[in-house]
Amino acid sequence: MTEKLHGDTEFLFRTILSIKDEKECEAFFAGLCPCNELEAMAQRLTAAKLLMAGETYEKIISETDISSATLSRVSRCVKYGEGYSSVLKKLSGQ
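Conventions we followed
- Residues numbered from 1 in each chain as written.
- Predicted model: local features only at pLDDT ≥ 70, side-chain atom pairs only at ≥ 80, totals over all residues.
- Heavy atoms only, no water.
- Helix = DSSP H or I, 4+ residues; strand = E, 2+ residues; numbered from the N terminus.
- Buried < 20%, exposed > 50% of the residue type's maximum accessible area, 1.4 Å probe, protein only.
- Contact = heavy atoms within 4.5 Å.
- Areas by Shrake-Rupley, 256 points an atom, 1.4 Å probe, with all protein chains shown as cover.
- Lys, Arg positive; Asp, Glu negative; His and termini not counted.
- Charge placed at Lys NZ, Arg CZ, Asp CG, Glu CD.
- Phe/Tyr/Trp six-rings, centres within 6.5 Å; stacked < 30°, edge-to-face > 60°.
- Patch = residues over 30% accessible without salt bridge, like charges linked within 9 Å, V, L, I, M, F, W, Y side chains within 5 Å.
- Salt bridge = Lys/Arg side-chain N within 4 Å of Asp/Glu carboxyl O.

**Student:** Run through the overall build of the protein, naming residues and quoting values.
**Tutor:** Counting its regular elements, the protein contains six helices and zero strands. In sequence order, the secondary structure elements of the protein are arranged as α-α-α-α-α-α. The dimensions of the protein, computed from C-alpha atoms along their principal axes, are 40 × 30 × 30 Å. Counting only residues that meet the buried cut, the protein has 19% of its 94 residues in that class. Taking the contacts inside the protein whose residues are at least 6 apart along the sequence as the reference set, 33% of them involve residues at least 24 apart. Summed over all atoms, the accessible surface of the protein reaches about 7,300 Å², with 57% contributed by carbon and sulfur. Between the mean site of the 12 positive side-chain charges and the mean site of the 14 negative ones, the protein shows a separation of 4 Å.

And the structure:
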């Protein structure tokens, strides 16, 4: 990452962490992202949750309409990364 991109990314993360409630979060992301980008992020998060629950690729694709290529990337992140797993486990109380 370039230094400028890194600074912008840190600013984005700090901004997201400052959001106080769901209504403010919805308004923030509605202004930040086009609807299709927001839906794509939600789709990937749902796919990660289903993967962690042990669902099959076939069922996840059927339920979320996610592409197999995107699901494969999400799966790698769930298996080898920390982001999806740690946050989703926290949300589910695990």
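There is more to say, and it comes next.
**Student:** Go over the packing of aromatic side chains, please, and point to the residues and values.
**Tutor:** Tallied over the full model, the rule gives one aromatic pair. Their ring planes at 85° and their centres at 5.1 Å tell us that Phe-28 and Phe-29 sit as a pair that is edge-to-face. By relative accessible area, Phe-28 is classed as partly exposed at 24%.

**Student:** Go over a negative patch on the surface, please, and point to the residues and values.
**Tutor:** Together, Asp-21, Glu-22, Glu-24 and Glu-26 line one region of the surface with negative charge. Take Glu-24: it is sitting in helix H2 (residues 22-32). Classification of Glu-24 as partly exposed rests on a relative accessible area of 38%.

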